Amino acid sequence: MGEHHLLSTEIVNRGIESSGPDAGSITFSVRVRRRLPDFVQSVNLKYVKLGYHYLINHAIYLATVPVLVLVFSAEIGSLSREELWRKLWDSTAGYDLATVLAFFAVFVFTLSVYFMSRPRSIYLIDFACFKPTDDLKVTKEEFIELARRSGKFDEDSLEFQKKILESSGIGDETYVPKAITSPENISTMKEGRAEASMVIFGALDELFNKTRIRPKDVGVLVVNCSIFNPTPSLSAMIINHYKMRGNILSFNLGGMGCSAGIIAVDLARDMLQANPNNVAVVVSTEMVGYNWYPGRDRSMLIPNCYIRMGCSAVLLSNRGRDYRRAKYRLEHIVRTHKGADDRYFRSVYQEEDEQRFKGLRISKDLVEIGGDALKTNITTLGPLVLPLSEQILFFATLVKRYLSGTKEKGLTTATATNGLQTVTSGNKPYIPDYKLAFEHFCVHAASKIVVNELQRNLGLSDANVEPSRATLHRFGNTSSSSIWYELAYLEAKGRVKRGDRIWQLSFGSGFKCNSAVWKSVRRIKKPSSNNPWLDCLERYPFEALS
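Residues numbered from 1 in each chain as written. Predicted model: local features only at pLDDT ≥ 70, side-chain atom pairs only at ≥ 80, totals over all residues. Heavy atoms only, no water.

Draft legend 1. Structural view of the sheet that holds strand β6 (residues 220-225). Within the open sheet, the nine strands sit side by side as β7-β6-β8-β9-β3-β10-β17-β16-β15. Their pairing is mixed. The open sheet has two edge strands, β7 (249-253) and β15 (440-443), and neither has a second partner. Going from strand to strand, the sheet's axes swing by 20° on average, the running direction of each strand aside. The sheet contact formed by β6 and strand β8 (residues 279-285) spans six bridges and is parallel. Within β8, the residue paired with V223 across the bridge is V283. (Pairing = 2+ DSSP bridges. Helix = DSSP H or I, 4+ residues; strand = E, 2+ residues; numbered from the N terminus. Axes fitted to C-alpha atoms, helices over the stretch in contact; angles between N-to-C directions.)

If you want it as structure tokens, here you go:
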């Protein structure tokens, strides 16, 4: 009764009934879905405080230097050159050389501490997104036919996957490995390595070609792939293939889901902070064939319908000379982990079904769980990125709600009418307009339902979520690399201008929600090659996406 506000309804036209007493008449059905929790109703003050802690942590140095400058200016700014010189050398005037030198020593020390403790700027030189060959392209109908041809699914399972695909937001040009048509077990190390080699080397070849960076020049390598984690690792496979140098710092992240791309960037950033004059490569991907589920459990069939082939490779640098050719500068990364709660931890869970088939089990509460993690993440991110006017309104309403003693969810009264519950809210906190903080949004293209709910809760326009919808339609859910296909879409459209801020938002198993904020350091020209959107760009956007 108390959860009806978390449900959304949709009337679906099922066409003309072909048989039975209602033959020839138009039939409809009502579809009920669980949607994201309304962020307007629930904001936790402790995450706002965490965001301000991030903001203030380094601001003390910036505050100290101006104070010292003001004191120094007030003390000697009005003196002429002759008076200043006399005061410096005339001990009877109260200014001796030791005092002046001590003041300058404090001033220089403060500046040194600030510049030494200030994080190095991390630049994104360029990135590449792998585009598979056309022989791996499938329509939704072909996908179901391939699944049927494998002989692993009964008709009920095939019909369920067909219904999922029809409402998924996925188009007819996504990519899957040929191995899924095989009646044999395809979750083998051989198939996994073959697919990994194809997508990873394809993305890296393009990246090295675009940036003119030699593989031996790379000092840090971070690879993330959630499901497929062989020995030797995928990072070792890359080092072996490109004959990289022996002292490279390599990392391989596994089991971290669709949000691992931003986690990998965060790790690369930390390594670059500790190792000056270096470049890092971040590879994000997922293996479709190795993750293919051949059973009949519906909650485990869902990933089959959404996950598609894809891979991204990103080149980062902390070298000052790379600023001129860089595209973006990394501004912020905010990570949220809800794994302490068992419900969140098991929301995306790899296990075997009753037939001992391995797969990913998707919880029916996943959308609600993702919404709560997102709420925490953006509440922490807000103080770092929002303009002062939005922060004042947001903080004032939070304080008002806190002082009035309103419960966290903001629900004050509830009345029942004809079996339905009507809920009225109390003091609603002001939800900031994130469109004032960012020019572009790259929201993980998980599914049509998720993108639509995020748009509603964050108050985004169709243009704001256009890259996410277009990526989901053209390439499907490519897991952790999807946010880079979305950025490639923005570049292909020529929309990224100098000074634009881009918000990359991803979420995945654990349960985790992560944000990365980039700022464009120059106008990004429309690419003439090496962009996965060039052959289909003119078809997007179109009305069917929404």
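That covers the picture; the talk isn't over yet.
Draft legend 2. Region of interest: a nonpolar patch on the surface. A surface patch of nonpolar side chains, about 440 Å² in accessible area, is lined by F395, V399, Y402 and L403. According to the relative accessible area criterion, Y402 is exposed, its value standing at 61%. (Patch = residues over 30% accessible without salt bridge, like charges linked within 9 Å, V, L, I, M, F, W, Y side chains within 5 Å. Areas by Shrake-Rupley, 256 points an atom, 1.4 Å probe, with all protein chains shown as cover. Salt bridge = Lys/Arg side-chain N within 4 Å of Asp/Glu carboxyl O. Buried < 20%, exposed > 50% of the residue type's maximum accessible area, 1.4 Å probe, protein only.)

Draft legend 3. Structural view of the packing of helix α5 (residues 140-149) against helix α6 (residues 155-166). Here α5 crosses α6 at 160°, and the two axes come no closer than 10 Å. By the criterion of interaxial angle, the relationship of α5 to α6 is roughly antiparallel. The way α5 lies across α6 gives a crossing that is right-handed. From α5, K140, F143, I144, A147 and R148 reach across to α6, where they touch E155, L158, Q161, K162 and L165. Broken down by class, the residue content of the contact of α5 with α6 amounts to five nonpolar, one polar and four charged. (Parallel < 35°, antiparallel > 145°, perpendicular 65-115°, else oblique. Left-handed = near helix turned anticlockwise from the far one by under 90°. Contact = heavy atoms within 4.5 Å. Nonpolar A, V, L, I, M, F, W, Y, C, P; charged D, E, K, R; others polar.)

Draft legend 4. The nonpolar core, seen in detail. Membership of the largest hydrophobic core comes to 86 residues, with the highest contact counts inside it found for I200, L204, I238, V283, L316, W484 and W533. Leaving out residues up to four positions away in the same chain, W533 has contacts with A470, T471, R474, F475, Y485, A488, Y489, A492 and Y540. Counting 29 residues, the second largest nonpolar core, distinct from the first, contains L374, V385, V465 and C513. (Core = buried A, V, L, I, M, F, W, Y, C linked by side-chain atoms within 4.5 Å.)

Draft legend 5. How the structure looks around the state of the cysteines. Applying the stated criterion across every chain yields a total of zero disulfides. The structure places no disulfide on C225, whose sulfur is separated from the nearest cysteine sulfur, that of C311, by 8.8 Å. (Disulfide = S-S within 2.5 Å.)

Draft legend 6. Inspection of the packing of α6 against helix α10 (residues 298-306) at higher detail. Closest axis-to-axis distance for the α6/α10 pair is 10 Å, and the angle between their directions is 50°. With respect to their mutual orientation, α6 and α10 come out oblique. Where α6 crosses over α10, the handedness of that crossing is right-handed. Residues D156, S157, F160, Q161, I164 and L165 of α6 form the contact with α10, whose own contacting residues are R298, L301, I302, N304, C305 and Y306. Split by residue class, the contact of α6 with α10 holds seven nonpolar, three polar and two charged.

Draft legend 7. Main features of the packing of aromatic side chains. A full pass over the atoms with the stated rule returns 18 aromatic pairs. The interplanar angle of 80° and the centroid separation of 6.1 Å between the aromatic rings of F153 and W292 together place this pair among those described as edge-to-face. Taken together, the residues F153 in the loop between α5 and α6 and W292 in the loop between β8 and α10 connect sequence positions 139 residues apart. A single burial state applies to F153 and to W292, both of which are buried. A centroid spacing of 4.9 Å and a plane angle of 65° characterise the contact between F228 and Y290, whose relative ring orientation is edge-to-face. Pair noted here: F228 is in the loop between β6 and α8 (234-242) and Y290 is in the loop between β8 and α10, with a separation of 62 residues, a long-range link. By relative accessible area, which is 0% here, F228 ends up buried. (Phe/Tyr/Trp six-rings, centres within 6.5 Å; stacked < 30°, edge-to-face > 60°.)

Draft legend 8. Structural detail: α8. When we look at burial in α8, the residues that qualify are L234, S235, M237, I238, I239 and Y242. Buried residues in α8 make contact with α7 (189-211), β6, β7 and β8.

Draft legend 9. Here's a closer look at the pairing of strand β9 (residues 311-317). Counting buried residues along β9, seven of its seven residues qualify, which places the element largely inside the surrounding structure. Neither face of β9 is open: one carries C311, A313, L315 and S317, the other S312, V314 and L316, and all of them are buried. Of the pairings in the sheet, the one linking strand β3 (residues 123-129) to β9 comprises six bridges and is antiparallel in character. Opposite Y123, over in β9, you have S317 as the bridge partner. Here seven bridges tie β8 to β9, and the two strands are oriented antiparallel to one another. Paired with V283 across the bridge in β9 is A313.

Draft legend 10. Spatial organisation of the side chain of S150. In this fold, S150 is placed in the loop between α5 and α6. The contact partners of S150, leaving out residues within four places of it in the chain, are I180, T181, S182 and P183.

Draft legend 11. Structural view of unusual backbone geometry. With an omega of 10°, the peptide bond running from G510 to F511 counts as cis. Its place among the elements puts F511 in the loop between β16 (501-508) and β17 (512-520). The omega torsion of the bond from Y540 to P541 falls at -5°, within 30 degrees of zero and hence cis. Despite not being glycine, R356 has its phi angle at roughly 70°, a positive value. Secondary-structure assignment places R356 in the loop between β11 (348-352) and β12 (358-362). Given the relative accessible area of 65%, R356 is considered exposed. Located in the positive-phi region is N530, a residue other than glycine, with phi close to 55°. Within the element layout of this structure, N530 appears in the segment after β17.

Draft legend 12. How the structure looks around the pattern of salt bridges. On inspection of all chains with the given rule, the structure shows 31 salt bridges. Between R148 and E155 there is a salt bridge; the shortest N-O distance is 3.5 Å. Overall, R148 belongs to the partly exposed group, its relative accessible area being 35%. Put simply, D134, K137, E173, R474 and R539 are held in one network by salt bridges that share partners.

Draft legend 13. Main features of helix α9 (residues 260-274). If you check α9, its first and last C-alpha atoms are 21 Å apart, about what 15 residues at 1.5 Å a residue would give, namely 21 Å. α9 sits mainly inside the fold: 11 of its 15 residues count as buried. Where α9 is concerned, the buried positions are A260, G261, I262, I263, A264, V265, D266, L267, A268, M271 and L272. (Expected span 1.5 Å × (residues − 1).)

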